[in-house]
Amino acid sequence: MMAEQVKISESPPVEQLKPLELASEIMQGMGIALGLSLLWAMEAIRDRVFRLLDRVNAPPRSRPASAFPPGQPRKHSPRRAH
């Protein structure tokens, strides 16, 4: 009775990759792994720098930061439409 209740799922057959496709998949996987490890290393360095700044008790900027450089803005000539 238990054998009758078990369903056998039919999955599509596994596709065989050609050697060039296999090498491409391996290289892509290695690239993803290296990229993620680089991001992880950069995050670890950033955390250490901020911990060091906290330990040194470095104050934040004395004046607020601005997106614009100091001084008068440059005069731009009007753009011509092409």
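So, here is what we can say about the structure in this document. Only a predicted model underlies this, so the values are computations on that prediction, with no experimental measurement involved. (Residues numbered from 1 in each chain as written. Predicted model: local features only at pLDDT ≥ 70, side-chain atom pairs only at ≥ 80, totals over all residues. Heavy atoms only, no water.)

With that settled, consider the overall build of the protein. Within the protein, the secondary structure is distributed over 2 helices and 0 strands. Within the protein, buried positions represent 0% of all 82 residues. A total accessible area of about 9,400 Å² is found for the protein, and carbon and sulfur atoms account for 62% of it. (Helix = DSSP H or I, 4+ residues; strand = E, 2+ residues; numbered from the N terminus. Buried < 20%, exposed > 50% of the residue type's maximum accessible area, 1.4 Å probe, protein only. Areas by Shrake-Rupley, 256 points an atom, 1.4 Å probe, with all protein chains shown as cover.)

A separate point is helix α2 (residues 19-56). Here α2 is 38 residues long and its end C-alpha atoms lie 55 Å apart, about the 56 Å a rise of 1.5 Å per residue gives. Just downstream of α2 lies Asn-57, where phi reads positive at about 60 degrees. (Expected span 1.5 Å × (residues − 1).)

We now examine a nonpolar patch on the surface. Residues Leu-17, Leu-22, Ile-26, Met-27 and Met-30 make up a contiguous nonpolar surface patch of about 490 Å² in total accessible area. Mapped onto the secondary structure, Met-27 falls in helix α2. With relative accessibility at 56%, the residue Met-27 sits in the exposed group. (Patch = residues over 30% accessible without salt bridge, like charges linked within 9 Å, V, L, I, M, F, W, Y side chains within 5 Å. Salt bridge = Lys/Arg side-chain N within 4 Å of Asp/Glu carboxyl O.)

Attention now goes to the pattern of salt bridges. By the definition in use, this model includes 2 salt bridges. It is possible to trace a salt-bridge network through shared partners that takes in Glu-43, Arg-46 and Asp-47.

Shape descriptors only; they carry no functional weight alone.
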